[in-house]
Amino acid sequence: MATTQAPPGAQEFIPADAKSLDELKAAAPGCRGCELYENATQVVFGRGAEHARLVLVGEQPGDIEDQQGLPFVGPAGRLLRDAVGDAGIDPSIIYLTNTVKHFRFELRGKRRIHQTPGPAHITACRPWLVAEFSQLKPDLVVALGATAAKALFGPSFRVTKSRGELLPWPASAQRPQDFPVAESRALATIHPSAVLRADDRDAAYRGLVDDLKVAATVLA
């Protein structure tokens, strides 16, 4: 029986002596840590200041993000900006990134349909997330959706059970030793794309804003 070989992972493509997010971003297009780079238009790295007080971690870039090379610029990103504003959070203090840096999709005719990254993709790309955090010293980390939450807090974490709950960071991380920063806080909530898919968008949006308001108390 043929066995599926695990992706090599991103670690060998990350500059060991990187001193800034810009250096990491410059190296990211060369990543061959999993097969997703083969069909994606480009890598989509995080954006924001290294001194950002809040880090928002999503799942992966979507179709529009893949085309533009920037995270959270599609419909979910626009909704997230609205929710951040309604929660009273200053957008200038935010760093935006994704758990997986390439768009995973399947073709249906000419349309590229989002596919959720698998555990192997999350594991392969996690070194980039760890490398980003090595340059960041946030007061708060927010995982947007199940994929990001599992990447940060471990595969048993359930957003539906623990959303909106302030957790110690990095003590709540799956591997706290990967995030050698001063004690801060973390929180999980739904991904803004879940609001767009919800039967009752208004209620889902209010829930996202309420969770972000909890985040805002840390940043006040």
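Preceding this paragraph is the structure being described.
Computed from a prediction, not measured in an experiment: that's the story for all the values here.

K.L.:
Would you take a moment to explain the overall build of the protein chain for this structure?
P.N.:
On a plain count of helices and strands, the protein chain comes out with eight helices and seven strands. In terms of C-alpha radius of gyration, the protein chain reaches 17 Å, essentially the compact-globule figure of 17 Å for 220 residues. When its C-alpha atoms are laid out on the principal axes, the protein chain stretches across 50 × 45 × 35 Å. Every one of the 220 residues in the protein chain was classed for burial, and the buried ones make up 53%. In the form shown here, the protein chain has an accessible surface area of approximately 10,800 Å², with 51% of it arising from carbon and sulfur atoms. Where the 25 positive side-chain charges of the protein chain centre and where its 25 negative ones centre are 3 Å apart.

K.L.:
How do you make sense of the pattern of salt bridges when you look at a structure like this?
P.N.:
Opposite charge on two side chains permits them to pair, given that their charged atoms come into close proximity. Here the structure, examined in full by the defined rule, presents eight salt bridges. Its salt-bridge partner being Glu-132, residue Lys-101 comes within 2.6 Å of it at the nearest N-O pair. Linking Lys-101 in the loop between strand 2 (94-98) and strand 3 (105-108) with Glu-132 in helix 4 (residues 119-135), this pair joins segments that are 31 residues apart in sequence. Across the pair, Glu-132 and Lys-101 agree in class, each one buried. Salt bridges sharing common partners tie together Asp-63, Asp-66 and Arg-112.

K.L.:
Sorry if this is basic, but what is going on with unusual backbone geometry here?
P.N.:
Outside of glycine, negative phi angles account for most residues, and trans bonds account for most peptide bonds. Omega for the peptide link from Trp-169 to Pro-170 comes to 5 degrees, which places this bond in the cis form. As for its position among the elements, Pro-170 is in the loop between strand 6 (167-169) and strand 7 (184-189). The backbone phi angle of Phe-72 is positive, close to 55 degrees, even though this residue is not glycine. With respect to the element layout, Phe-72 can be found in the loop between helix 2 (63-68) and helix 3 (75-86). Phe-72 sits in the buried class, given a relative accessible area of 5%.

K.L.:
Please clarify how helix 8 (residues 201-219) should be interpreted in this entry.
P.N.:
Between its terminal C-alpha atoms helix 8 stretches 27 Å, which fits the 27 Å expected from 19 residues at 1.5 Å a residue. Where helix 8 is concerned, the buried positions are Ala-204, Tyr-205, Gly-207, Leu-208, Val-209, Asp-211, Leu-212, Ala-215, Ala-216 and Leu-219. Lining the buried residues of helix 8 we find strand 1 (54-58), helix 3, strand 5 (140-144), strand 7 and helix 7 (192-197).

K.L.:
Can you help me understand the side chain of Gln-60 in this one?
P.N.:
In this fold, Gln-60 is placed in the loop between strand 1 and helix 2. At 3.1 Å, the side chain of Gln-60 forms a polar contact with the backbone oxygen of Gln-115.

K.L.:
What exactly am I supposed to notice about the sheet that holds strand 6 here?
P.N.:
Each strand in a sheet pairs with its neighbour through backbone hydrogen bonds, running either in the same direction (parallel) or in the opposite one (antiparallel). Within the open sheet, the five strands sit side by side as 2-1-5-7-6. Their pairing is mixed. Pairing within the sheet leaves two strands with one partner each, and these edge strands are strand 2 and strand 6. Within this sheet the neighbouring strands show an average axis-to-axis angle of 25 degrees, counted without direction. When strand 1 meets strand 2, the two strands line up parallel, connected through five bridges. Each bridged residue has a counterpart across the sheet, and for Val-55 the counterpart in strand 2 is Tyr-95. In this fold helix 4 packs onto strand 1, strand 2, strand 5 and strand 6, with an angle of close to 165 degrees to the strand it touches most, strand 2. Packing of helix 5 (residues 146-153) onto the sheet brings it into contact with strand 1, strand 5, strand 6 and strand 7, and relative to strand 5 it is tilted by some 130 degrees.

K.L.:
Please clarify how the packing of helix 4 against helix 5 should be interpreted in this entry.
P.N.:
Two quantities define a packed helix pair, namely the angle between the helix axes and the distance between the axes. In the contact formed by helix 4 and helix 5, the axes pass within 11 Å of each other and the chain directions differ by 70 degrees. Between helix 4 and helix 5, the angle is such that the two are roughly perpendicular. Where helix 4 approaches helix 5, its residues Ile-122, Arg-126, Leu-129 and Phe-133 are matched on the opposing element by Thr-147, Ala-151 and Leu-152. Considering only residue class, the contact of helix 4 with helix 5 consists of five nonpolar, one polar and one charged.

K.L.:
Help me out: how do you make sense of helix 4 in this one?
P.N.:
For an α-helix, 3.6 residues make a turn, and residues three or four places apart therefore share a direction. Look at helix 4: 25 Å from first C-alpha to last across 17 residues, which is about the 24 Å you get at 1.5 Å a residue. The largest bend along helix 4 measures about 40 degrees and falls at Cys-125, with the proline Pro-127 one to four residues further on. Counted residue by residue, helix 4 has 13 buried out of 17 residues, so it is predominantly covered.

K.L.:
Looking at this structure, how should I read the packing of aromatic side chains?
P.N.:
How two aromatic rings sit relative to each other is given by the distance of their centres and the angle of their planes. Under the defined criterion, the tally for this structure stands at seven aromatic pairs. On the numbers, 5.2 Å between centres and 85 degrees between planes, the contact of Phe-133 with Phe-179 is edge-to-face. Linking Phe-133 in helix 4 with Phe-179 in the loop between strand 6 and strand 7, this pair joins segments that are 46 residues apart in sequence. We note that Phe-133, like Phe-179, is buried. Their ring planes at 50 degrees and their centres at 4.8 Å tell us that Trp-169 and Phe-179 sit as a pair that is tilted.

Thresholds, definitions, all that
Residues numbered from 1 in each chain as written. Predicted model: local features only at pLDDT ≥ 70, side-chain atom pairs only at ≥ 80, totals over all residues. Heavy atoms only, no water. Helix = DSSP H or I, 4+ residues; strand = E, 2+ residues; numbered from the N terminus. Rg over C-alpha atoms; globule rule 2.2 N^0.38 Å. Buried < 20%, exposed > 50% of the residue type's maximum accessible area, 1.4 Å probe, protein only. Areas by Shrake-Rupley, 256 points an atom, 1.4 Å probe, with all protein chains shown as cover. Lys, Arg positive; Asp, Glu negative; His and termini not counted. Charge placed at Lys NZ, Arg CZ, Asp CG, Glu CD. Salt bridge = Lys/Arg side-chain N within 4 Å of Asp/Glu carboxyl O. Expected span 1.5 Å × (residues − 1). Contact = heavy atoms within 4.5 Å. Polar contact = N/O pair within 3.5 Å; in protein donor to acceptor, adjacent residues only side chain to side chain. Pairing = 2+ DSSP bridges. Axes fitted to C-alpha atoms, helices over the stretch in contact; angles between N-to-C directions. Parallel < 35°, antiparallel > 145°, perpendicular 65-115°, else oblique. Nonpolar A, V, L, I, M, F, W, Y, C, P; charged D, E, K, R; others polar. Bend = angle between axes of the 7 residues up to and from the residue. Phe/Tyr/Trp six-rings, centres within 6.5 Å; stacked < 30°, edge-to-face > 60°.

Without other data, these values stay purely geometric and don't point to any function.
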